[in-house]
Amino acid sequence: MRYIDEFRDPGAARTLIREIEGLLEALAPPRPLQIMEFCGGHTHAIFRYGLHQMLPEAVEWIHGPGCPVCVLPRERIDKAISLALDHGVTLTCFGDVLRVPGTAGSLLEARGRGADVRIVYSPLDSLALAKALPEREVVFFAIGFETTAPATAFTVLQADKESLANFSLLCQHVTTPSAIRALLGDPELRLDGILAPGHVSTVLGSESFRFIADEYHLPVVVSGFEPLDLLQSLWMLLVQIREGRCTLENQYGRVARKAGSLAAKRAIARVFEPAPSASWRGLGEIPASSLRLRGAYAGFDAERRFALNAARHIEDPAPCGEVLKGRMRPGECPFFACRCNPENPLGALMVSSEGACAAWYRYGGRT
Amino acid sequence: MGKCVTLAHGSGGLAMERLIREVFLQTFDDPELARLEDQARLELPPGCPALTTDAFVVDPLFFPGGDIGRLAVCGTVNDLVMGGAYPQSLSCAFILEEGLPIDDLQRIVRSMKVAADEAGVRIVTGDTKVVPKGAGDKMFITTAGVGVIPSGLELGAARICAGDRILVSGPVGDHGAAILDARGDLGLTHSIRSDCRALDGLVHSLLASSSVHAMRDPTRGGLAAVLNEYARASGLCLRIFEDNIPVRETVRGICELLGLDPLYLACEGRLLAVVPEDSAERALTALRFHGDRTDAAIIGEVMAQPVGQVILKTVFGGERILDQPEGEPLPRIC
Amino acid sequence: MCLGVPGKILSISDQKRSMAKVDVAGIVREVSLACIVEEGERLEVMVGQWVLIHVGFALSLIDEDEAHLTMKLIAGLESDALYR
């Protein structure tokens, strides 16, 4: 597969690893370098390709919370379930959220109790379903960072154009730069470099992460998602560290550009506005970190349409927040693999394919 | 007979009798079945009788490469042949949802007859029930299959030893990918065919050429499910080389698009064999020659440690666990 | 986050709604080009181009030259003696 296979070439990977080893030898850091990959997609790739094992111990990956499923609060799952069970809507969502535990079970379990929950690949599929079922209210559970927000925005614009009366959104889009700021503002988190999200950068533009270098004085590289992308990005970070530089570099130039997608950003700005703050599962309240529908499109807000009350933020019984913030490794959580496992997850990190706990459990250590 | 299945077709009266005669008896065309007794008499060749049972539920009922009927026959035959049995006879019980088009039922029953003839098995007894609309997903088929295992042949996880080699007869994940492709809700064009077929010929060819310790067809849960079952049951470690596992390009495409792993997608016409090390090349030749495919492959080996685990050696030389499936593979966006 | 897969634009299926048929390793799906086109732009010029697809939307055109450059840089490391 073009643009995939060449970036998974084992020979090139070995070259990059040798170079990384050479750089680390030259650097001779007194303690392991802590590199955060913010994005869950990067976490998944690191574990799937076994990169964490192939790199010297002088590099330690700190897994960031950039996984919209991992940070999806319990009370939002409860709202989605309530829409399906109590209000009788057809609840459409991505496959990722189906097993995420709410306060009283997941959407999958709710489906077992009679809720009409359907998986879609694209929000446009949800729109098509609404048109095919005019007698049903169809709600799309809109999760995701800025990578996914344009898709939702264009779908709302299409629904508006067609005056579709039976379609609405449960909006759960969260934003990346504010989350990164909240993380980097934590004095206990000590990082030596950051891999910035490649697909958020594709939408927002790689320049949106320059603040990490300018304000927090950390080397930052926007990275693609294939193993060679990650290895090359790590190499670029190490070169910066070696040369004592703190700047933004873009490894993913074939997809992510400086300014991002103007059409996507325009659509987001037209349909959404920043909400004052949002609750993140495991991380608590983060200001200016989510999107809500603008007044002109408030008619598509499922929470308004079905008069859902504001819900109290409820945290998980496990220290998911510590893992999300990179302060605890999954294996260090007292519940890891015993009380908390993919079949019976205590939080979202064990459910999402990008969650650090799920990655550790599925690909790495059980003991 | 009307166009659709009604509750009358399951109530034991004239409507049901007509359905059985015109659809099942006529299509299956079997003298034992035609006796319409409550039981079928079997004449089995010498050896150890083997019995299997299975239930089939699939959406959509028809998909490129097969349908629920073909799936039912091939799946049951395959369960028998994985133990080295020569399959003889099948039973099938149908639970039909009120409103199912009779034409669909007829198509499926014809497909079962074709699959049964391919595998040289007879459908000798059956049952039909009809449930009200909404109480069943169009059609469920439950089968039982009887076969005979040659005396002295004992295959199974208990025979697996450290040093054995693991083989697969062709590309994995075709059926699971075909079902996803065929479902209307993911908006894909139907370009993937299920690999649904009976493996009796392939298995007996393999057994004639090579010593075999264990065989399984990787259905629900895919290759990963079978490998993990074997690892747990044998108390050994199965080490697989990612690079050696054959996967079709289109199956890779659907997996990349939906964020799935082909190792967790079902096959319905592939076999996984665990054979002694010195038989591996002969086994591979048999699979390639009989199956008429060059992509049968030796994909791994059995080791003593770590106990009960499946280790995947990635294309980069790193190693990770290949965990057992958690449930139905779900498309993802993250 | 953000599962993105490269695909090649085969044809335009709906100019008005900016929809195209895109091929991913032989699987064909309808994908929206709304993120990568300006309103009113003729879409036919996109046929044959490669795009990065996420949830049924093309987020970006894949830059062939940049892709080559990335691979060249990686390959070039073999001969780069800077850190030896």
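Structure first, text after, so check above.
### Structural notes on the overall build of chain A
When helices and strands are counted, chain A shows 15 helices and 11 strands. A compact globule built from 367 residues should have a C-alpha radius of gyration of about 21 Å, and chain A, at 21 Å, falls within 12% of that. Projected onto its principal axes, the C-alpha positions of chain A cover 65 × 45 × 40 Å. By sequence separation, contacts in chain A at least 24 residues apart represent 77% of the contacts at least 6 residues apart.

### Quick notes on the interface of chain B and chain C
With 15 residues of chain B in contact, the opposing surface of chain C contributes 12 residues. Split into classes, the residues belonging to the side of chain B that touches chain C amount to 5 nonpolar, 6 polar and 4 charged.

### Some remarks on the sheet that holds strand β13 (residues 319-321) of chain B
The pairing of strands in a sheet comes from backbone hydrogen bonds and takes either a parallel or an antiparallel form. Residues and elements named next belong to chain B. Judged by pairing direction, the sheet is mixed, and its 7 strands sit side by side in the order β8-β10-β7-β11-β9-β12-β13 without closing on themselves. Whereas interior strands pair on both sides, the edge strands pair on one side only; in this sheet they are β8 (214-216) and β13. Across the sheet, the mean angle separating the axes of adjacent strands is 25° when strand polarity is ignored. Note: strand β9 (residues 237-241) against strand β11 (residues 297-303), 4 bridges, orientation antiparallel. Bridge assignment links Ile240 to a residue of β11, and that residue is Gly300.

### Concerning the pairing of β11(B)
Strand direction decides the pairing type here: strand β7 (residues 165-168) of chain B and β11(B), joined by 4 bridges, are antiparallel. Note on β11(B): the bridge partner recorded for B:Arg165 is B:Glu301.

### Considering the interface of chain C and chain A
In this complex, chain C contributes 32 residues to the contact, which on the side of chain A involves 43 residues. When residues of the side of chain C that touches chain A are traced back to their parent elements, those giving at least two are β4 (50-54), β5 (57-61) and α1 (64-76) of chain C. Take the side of chain C that touches chain A: its biggest share by element is 6 residues, from α1(C). Among the residues making up the side of chain C that touches chain A, the classes are represented as 21 nonpolar, 6 polar and 5 charged.

### Section: helix α11 (residues 227-243) of chain A
All names here are of chain A. Across its 17 residues, α11 extends 24 Å between first and last C-alpha, which sits within 8% of the 24 Å expected from 1.5 Å per residue. Summarising burial for α11: 14 of the 17 residues are buried, a large majority. A positive phi of about 65° marks Gly244, the residue just after α11.

### Considerations on the pairing of strand β6 (residues 139-149) of chain B
Residue and element names in this part refer to chain B. Two strands pair when backbone bridges link them, and strand β1 (residues 48-56) and β6 are joined in this way by 9 bridges, in the antiparallel orientation. Considered in β6, the bridge of Asp54 is made with Thr143. Here strand β4 (residues 86-97) pairs with β6 via 10 bridges, running antiparallel. Paired with Pro87 across the bridge in β6 is Gly147.

### What about unusual backbone geometry?
The step from B:Asp59 to B:Pro60 runs through a cis peptide bond, and the omega angle for that step is 10°. Along the chain, the position of B:Pro60 falls in the loop between β1 and β2 (62-63). Put simply, B:Gln305 and B:Pro306 share a cis peptide bond, and its omega is -10°. Assignment of secondary structure puts B:Pro306 in the loop between β11 and β12 (310-313). One non-glycine residue, A:Ala28, lies in positive phi territory at about 45°. Relative to the assigned elements, A:Ala28 resides in the loop between α1 (10-27) and β1 (33-39). Among the residues examined, A:Ala28 registers 7 C-beta atoms within 10 Å and is labelled exposed. One non-glycine residue with positive phi stands out, namely A:His217, at about 50°. Mapped onto the elements of the fold, A:His217 is located in the loop between α10 (210-216) and β8 (220-222). Owing to 8 C-beta atoms within 10 Å, A:His217 belongs among the exposed residues under this scheme.

### Regarding the sheet that holds strand β3 (residues 90-93) of chain A
Residues and elements named next belong to chain A. An order of β4-β3-β5-β6 is seen for the 4 strands of this open sheet, with the pairing classed as parallel. At either end of the open sheet lies a strand with only one pairing partner, and these are β4 (116-119) and β6 (167-173). The sheet shows a mean angle of 25° between the axes of neighbouring strands, direction not considered. Relative to β6, helix α7 (residues 149-161) is tilted by about 160°, and along the sheet it contacts β5 (138-144) and β6.

### Looking at the packing of helix α6 (residues 123-132) of chain A against α7(A)
All names here are of chain A. In contact at an axis separation of 9 Å, α6 and α7 are set at 25° when each is read in the N-to-C sense. As judged from the angle between their axes, α6 and α7 are roughly parallel. Crossing handedness for the pair α6 and α7: right-handed. Contacts from Pro123, Leu124 and Leu127 of α6 reach α7 at Ala151, Thr152, Thr155, Gln158 and Ala159. Residues belonging to the contact of α6 with α7 are distributed by class as follows: 5 nonpolar, 3 polar and no charged.

Here is what the cut-offs are and how they apply
Residues numbered from 1 in each chain as written. Chains lettered and ligands numbered in written order. Predicted model: local features only at pLDDT ≥ 70, side-chain atom pairs only at ≥ 80, totals over all residues. Helix = DSSP H or I, 4+ residues; strand = E, 2+ residues; numbered from the N terminus. Rg over C-alpha atoms; globule rule 2.2 N^0.38 Å. Contact = placed C-beta atoms within 7 Å. Nonpolar A, V, L, I, M, F, W, Y, C, P; charged D, E, K, R; others polar. Pairing = 2+ DSSP bridges. Axes fitted to C-alpha atoms, helices over the stretch in contact; angles between N-to-C directions. Expected span 1.5 Å × (residues − 1). Buried ≥ 20, exposed ≤ 12 C-beta atoms within 10 Å, placed from the backbone. Parallel < 35°, antiparallel > 145°, perpendicular 65-115°, else oblique. Left-handed = near helix turned anticlockwise from the far one by under 90°.

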